[in-house]
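So you can see what is in the structure, the chains are spelled out below.
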Amino acid sequence: MALCHLPLPRWSAQCRLRSMTATKGPLAPPTCADNSPPCPDVSLNPPILSRPQDHTLAYLPSEPLSLSLPRTHSLHSATRLGSTRLAARSSMASPGAQQLKQLKPLYQHVVNNFVAVLAAPVAVAAAITAARVGPDELLARLHALRAAHVFLAVFVPAAAATLYLMLRPRSVYLVDYACFRTKPNCRVPFSTFLEHAKLVTFVEGASIDERSVRFMTRLLERSGLGEETCLPPAHHYIPPYRNMEASRAEVELVIFSAIDDLLAKTGISPAAIDILVVNCSLFAPIPSFTDMIIHRYGMRRDVRNVHLSGMGCSAGLISVGLARNLLQVAPRGAHALVVSTETITPNYYVGKERAMLLPNCLFRMGGAALLLSTSRAKARFRLARVVRTLTGAQDSAYRCVFQEEDGEGHRGINLSKDLMTIAGDALKANITAIGPLVLPASEQLLFAMSFIARRVFGGGKFKPYLPDFRTAFEHFCIHAGGRAVIDELQRSLGLSDQDVEASRMALHRFGNTSSSSVWYELAYIEAKGRMRRGDRVWMIGFGSGFKCNSAAWECIAPPRNAEGPWEDSICRYPVDIPEVLKH
Amino acid sequence: MVYEQEEVLPGAVHGHRLSTVVPSSVTGEVDYALSDADLAFKLHYLRGVYYYPPGDVTRGITTKVIKDPMFPWLDDYFPVAGRVRRDAADVAAAGEGHPPRPYIKCNDCGVRIVEAKCDRDMAEWLRDEAPGRLSQLCYDKVLGPELFFSPLLYVQITNFKCGGLALGFSWAHLIGDVASAATCFNKWAQILSGKKPEPTVLTPENMPGHSPASATAPRSVKQVGPIEDHWIVPAGRDMACYSFHVTEPTLKKLQQQAAVATGTFELVAALMWQTVAKIRGGVETVTVVKNDAAARSGRALANEMKVGYAEASGSSPAKADVAELAALLAKGVVDETAAVAAFPGDVLVYGGAHLTLVDMEQVDVYGLEIRGQRPVHVEYGMDGVGEEGAVLVQPDADGRGRTVTAVLPRDEIESLRAALQDA
């Protein structure tokens, strides 16, 4: 694999843990945890600490699916089976189920290639018949046919095929993406965060009290965040700056550096951008972010720019969907720049409400810039699907993540207690929508049969069939909303620890960077060298509303170099994230 | 941005804005053990101010320029970014009834940076020689009452109206003596200039365990306490730091009066001893704290000053010859360093038992060059000094004279000024 010959990440001062037993002299350069070069074999990473057991979603299968199997990636087969269940050493299944499991790959092969399976014997039969009839006889029969019929038999399918090719929507490709690379001078360890929270006092006399600090301590310890996450420079002050000037400074820092990286990677000039979509939920200045970008990079006068605000943490995928729609009606070969970010500076909550303190602890600085195009030249991914589901029609979902002022008048984001349940429901709705579009025929057939069986024979006898999304996707980028969200999704989708490793590690290293977190996770997968041509990626985003949005990508080319936000830290990952991190 | 409605007295330093700087990489679960010598000095705080003159170079020194090198600097000096904790597993202390032994948890909590402004010109400020100006330019917090949240180092950046810059360091003596502190700050300046500084050595010395200690405090120091979590013993009287310059001609005169060749520190310290004895009457014994560069272990953070006392036998120091006192300081100091470290109780070293004379001759304070700009003046004072007072003898800008900072009760300072003007 070309990736295993990538240059090793530069050893930087960031990539070391100091030890008090060092005597004199500088510390030796670090070796990775398993003393291997930074492109470890996909299948050898040990599973991460297992998650707590509590089953709240009713539609889960009761038997846990096999975890941490070595994944053999069959590049030769046309069907991409993903994990070979044959190797399942699951001792919990009965012998009957064992046999069924062994038959499963055969079943998948047959159903997924149904047309081929049917056509093969028919073709063989036709060939035998033709051979029996003899070539002379065949020619005689052909001459007997009327010319008009022959012409129609050829012309009609050809015309239909041409019309189909012309009228289908154009494919949209991701040329490349770049994430904001955090700087060590924005780093916030737990202890600093808590100390600041304690020392913040405002003129109005409102202050975060002891109980709130203890609550935040407990939150941070169990949050799954690491000690390297970053907050904007304005938040390093006591009390933090929350004014527009500081907010704009953060935006410029994040967005401009991500776009600079992207322009360098793709070699495109800002004048070639036709469409510009930016999403940032909580900060919407005038002029908008898009105008800021146009001003800074000198873009053309006819750029179609849109700023999406207030759309929550799943807005990144909404922007991708919007950019795709705009690209499909733009002239051929148009380019769209999509920027996803969240501005932390104006949103530091200074009150005492517990439900509103959680975002303070989890949200961190981050952003991503992507270049989409309808031309396949130099593209790295193809956008297969974007599926958006909104559950805002229900009261509980609508009020689940709600920005409001608390009793003392401090503005913050209120997260309701049943967030996980609502997230589960939204995910279910999204799966129902995206399942038929991405799952192979074999899984859909099984799901349909299970559905019918449950309807006909009553719900008790048959458990609902959970389609195995690992037959449809090789990689999963689940929005790193928090440890609980990732645990919940892992359980709901029946994913292994390795599948959600990217999400957990992105949460640990970068915190919850809102809409750009899926891009940090993709960057992790690529930095680990796991992305191969033909791999399919599923990005799932959640956000206020309550929305669950998915995007399915297919890899055309793996990354060419090791540059990215994980450059300096990838050799330290994956880490074992304890239940409670004592700081 | 002023966030509190403070009344700004004309000429006062105002507009304080706090922020924090942390190490740039994760330290991990590391504890820095404090030696007995470190704990002996825990009630004292160094206050050092470096003045940079107005000019193009100083104008280019923004807060960002000052802060950015601090992140890698704290990677090397990560204990300075930690916080004091008490060792809950210290069974021995629990048995004896006093609080458990403190140590430093290297949790990357960081160093506090304070940005402030002053509406006066720096030259005017220096000329005034106001006592107490040091406390305006160094953030005057101490460790406690909440040890968990007390930074060990504050750096105050004060911008004067003329464009001059003052850097005030408030350093807890606990983690290192003045030589360690000065080296630490110089390393930061080296990183700022882009040079790669020498590696720091931070291994703690082998803890000797609980060596047998005497029941009474050594003569050089005064026992106080027991101190709980607020590590300052308020002196009964209002103490202030007063800095003044001892010129080269004065030094030459003192040298000539001495019969044998005597070190500059001894001469200046003897002069101060005599002056204070005249003002106060009866300063028979002094505590002497010396810095011996040759005897240092090479550890980056250590309290390795030599503590001792000198007793003027016979005549009262007020009437004795400066040369005699100087000779006494050179030869007649009884070293009590080990005893001070081994003493288990809480002590005040500076200004506790007697007037304390501190030798900072070998400390390279003028090495803190920012972008090639040397400080135009440096003065080091101290907080947490006992009533007896302390005198710090430091090098001056050109190296030929000496800067002396006297930490004395405010009323004695007036008399000191008068006495010095006469001399």
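Residues numbered from 1 in each chain as written. Chains lettered and ligands numbered in written order. Predicted model: local features only at pLDDT ≥ 70, side-chain atom pairs only at ≥ 80, totals over all residues. Heavy atoms only, no water.

Asker: What am I meant to see in the overall build of chain B here?
Answerer: The helix and strand tally for chain B stands at 13 helices and 18 strands. Taken over the C-alpha trace, chain B has a radius of gyration of 21 Å; the compact-globule value for 423 residues is 22 Å, and the two agree within 12%. Principal axes of the C-alpha set define a box for chain B whose edges measure 60 × 60 × 40 Å. In chain B, which comprises 423 residues, the proportion classed as buried is 57%. A sequence separation of at least 24 residues applies to 80% of the contacts in chain B between residues at least 6 apart. Of the side chains in chain B, 40 bear a positive and 54 a negative charge, and the two mean positions are spaced by 4 Å. (Helix = DSSP H or I, 4+ residues; strand = E, 2+ residues; numbered from the N terminus. Rg over C-alpha atoms; globule rule 2.2 N^0.38 Å. Buried < 20%, exposed > 50% of the residue type's maximum accessible area, 1.4 Å probe, protein only. Contact = heavy atoms within 4.5 Å. Lys, Arg positive; Asp, Glu negative; His and termini not counted. Charge placed at Lys NZ, Arg CZ, Asp CG, Glu CD.)

Asker: Help me understand the pairing of strand β11 (residues 285-290) of chain B, please; the structure alone is not making it clear to me.
Answerer: Two faces make up the sheet, and in a regular strand the side chains alternate between them. All names here are of chain B. Most of β11 is tucked away: five of the six residues are buried. Where β11 and strand β12 (residues 306-311) come together, six bridges link them in antiparallel fashion. Looking across to β12, one finds that T287 is bridged to Y309. As defined by bridge partners, β11 adjoins strand β15 (residues 355-359) across four bridges and the pair is classed as parallel. Directly across from V286, in β15, lies its bridge partner L355. (Pairing = 2+ DSSP bridges.)

Asker: Could you clarify how one ought to interpret the side chain of A:T345 in this entry?
Answerer: Positionally, A:T345 belongs in the loop between β5 (335-342) and α10 (354-362). Excluding its chain neighbours within four sequence positions, the residues that come into contact with A:T345 are A:P232, A:A234, A:H235, A:Y241, A:R242, A:A246, A:S247 and A:E250.

Asker: Would you explain the packing of helix α1 (residues 95-112) of chain A against helix α13 (residues 441-457) of chain A in this entry?
Answerer: Relative placement of two packed helices is described by the angle separating their axes and the distance separating the axes. All names here are of chain A. Two numbers describe how α1 lies on α13: the axes approach to 8 Å, and their chain directions differ by 105°. The pairing of α1 with α13 is recorded here as roughly perpendicular in orientation. On α13, the residues touching K104, Y107, Q108, V111 and N112 of α1 are A441, S442, E443, L445 and L446. (Axes fitted to C-alpha atoms, helices over the stretch in contact; angles between N-to-C directions. Parallel < 35°, antiparallel > 145°, perpendicular 65-115°, else oblique.)

Asker: I would appreciate a short explanation of the packing of aromatic side chains in the present structure.
Answerer: To describe a pair of aromatic rings, one takes the distance between the centres and the angle between the planes. Residue and element names in this part refer to chain B. Tallying each qualifying case throughout the model produces 27 aromatic pairs over all chains. Between Y139 and Y154, the aromatic rings sit 5.2 Å apart at their centres with planes inclined by 40°, giving tilted as the arrangement. Of this pair, Y139 sits in the loop between α7 (133-137) and β7 (153-160) while Y154 sits in strand β7, and the two are 15 residues apart along the sequence. Exposure remark for Y154: the relative accessible area of 7% places this residue in the buried category. (Phe/Tyr/Trp six-rings, centres within 6.5 Å; stacked < 30°, edge-to-face > 60°.)

Asker: Before we go on, may I ask you to explain helix α14 (residues 483-493) of chain A in this structure?
Answerer: Within an α-helix, residues lying three or four positions from one another point in the same direction, as the helix has 3.6 residues per turn. All names here are of chain A. Burial analysis of α14 places 10 of its 11 residues in the buried class, the great majority of the element. Turning to α14, its buried residues number three or more, namely R483, V485, I486, D487, E488, L489, Q490, R491, S492 and L493. Contacts from the buried residues of α14 go to α6 (210-222), α12 (419-438), β10 (475-478), α15 (501-510) and β11 (536-543). After α14 finishes, the residue G494 shows a positive phi value of roughly 65°.

Asker: Help me understand the sheet that holds β12(B), please; the structure alone is not making it clear to me.
Answerer: Within a sheet, adjacent strands bond to each other through the backbone by hydrogen bonds, running parallel or antiparallel. Residue and element names in this part refer to chain B. In space, the seven strands of this open sheet follow the order β10-β18-β17-β15-β11-β12-β13, with mixed pairing throughout. Each edge of the open sheet carries a strand with a single partner, namely β10 (239-246) and β13 (334-335). Pairing of strand β17 (residues 390-395) with strand β18 (residues 402-409), which is carried by six bridges, proceeds in the antiparallel orientation. Each residue of the ladder has a partner; that of A390, found in β18, is V407. Helix α11 (residues 322-331) contacts β11, β12 and β15 of the sheet and is inclined by roughly 55° relative to β11.

Asker: I tried to follow the packing of helix α7 (residues 244-266) of chain A against helix α8 (residues 289-297) of chain A on my own but got confused; where do I start?
Answerer: Residues and elements named next belong to chain A. Packing of α7 against α8 leaves a shortest axis separation of 11 Å and a crossing angle of 55°. One element, α7, and the other, α8, form an angle in the oblique class. The two elements α7 and α8 cross, and the hand of that crossing is right-handed. For the pair formed by α7 and α8, the contact residues are R248, V251, E252, I255, F256, I259, D260 and L263 on the first element and F289, M292, I293, R296 and Y297 on the second. Of the residues belonging to the contact of α7 with α8, the class tally is nine nonpolar, no polar and four charged. (Left-handed = near helix turned anticlockwise from the far one by under 90°. Nonpolar A, V, L, I, M, F, W, Y, C, P; charged D, E, K, R; others polar.)

Asker: I would appreciate a short explanation of a nonpolar patch on the surface in the present structure.
Answerer: Residue and element names in this part refer to chain A. On the surface, L100, L103, L106, V110 and V117 cluster together to form a nonpolar patch covering roughly 460 Å² of accessible area. Looking at which element gives the most residues to the nonpolar patch, the answer is α1, with four residues. Its location among the elements puts L103 in helix α1. (Patch = residues over 30% accessible without salt bridge, like charges linked within 9 Å, V, L, I, M, F, W, Y side chains within 5 Å. Areas by Shrake-Rupley, 256 points an atom, 1.4 Å probe, with all protein chains shown as cover. Salt bridge = Lys/Arg side-chain N within 4 Å of Asp/Glu carboxyl O.)

Asker: Teacher, can you tell me more about the UniProt feature "transmembrane region" (unreviewed entry) in chain A here?
Answerer: All names here are of chain A. In this numbering, the UniProt entry assigns the feature "transmembrane region" (unreviewed entry) to residues 110-128, 148-167 and 306-327. Along residues 148-167 one finds 100% helix and 0% strand; the C-alpha atoms at either end are 27 Å apart. The span residues 306-327 shows a helical share of 59% and a strand share of 14%, and its end C-alpha atoms are spaced 13 Å apart. (UniProt positions renumbered as here; feature names shortened; annotations may be inferred.)

Asker: Just checking my understanding: could you explain the sheet that holds strand β6 (residues 366-373) of chain A for this structure?
Answerer: Residues and elements named next belong to chain A. If you walk across this open sheet you meet the nine strands as β4-β3-β5-β6-β1-β7-β12-β11-β10, and the pairing is mixed. Edge positions in the sheet fall to β4 (304-308) and β10, since each of these pairs with one other strand and no more. Each adjacent strand pair in this sheet contributes to an overall mean axis angle of 25°, direction not counted. Two strands pair when backbone bridges link them, and strand β3 (residues 275-279) and β4 are joined in this way by five bridges, in the parallel orientation. Looking at the pairing, L276 lines up with N305 of β4.

Asker: Would you take a moment to explain unusual backbone geometry for this structure?
Answerer: Trans peptide bonds make up the majority, and among non-glycine residues the majority have a negative phi. Cis geometry marks the peptide bond from A:I238 to A:P239; its omega dihedral reads -5°. Checked against the element boundaries, A:P239 lands in the loop between β2 (237-238) and α7. In this chain, A:G545 is followed by A:F546 through a cis amide linkage whose omega measures 0°. Examined against the element boundaries, A:F546 turns out to sit in the loop between β11 and β12 (547-555). A positive phi angle, close to 60°, is found at B:D108, a residue other than glycine.

Asker: When you look at the nonpolar core in this model, what are you seeing that I'm missing?
Answerer: One broad rule of soluble globular proteins: the nonpolar side chains tend to lie buried together. Counting 98 residues, the largest nonpolar core has B:Y50, B:W73, B:L167, B:W171, B:F185, B:W188 and B:Y380 as its most contacted members. With 10 residues, the single largest contributor to this core is helix α8 (residues 178-192) of chain B. Contact partners of B:W73, with chain neighbours within four places excluded, come to B:L153, B:C184, B:F185, B:K187, B:W188 and B:I191. Among the nonpolar cores identified, the runner-up in size contains 55 residues, and A:A423, A:I434, A:V485 and A:I486 belong to it. (Core = buried A, V, L, I, M, F, W, Y, C linked by side-chain atoms within 4.5 Å.)

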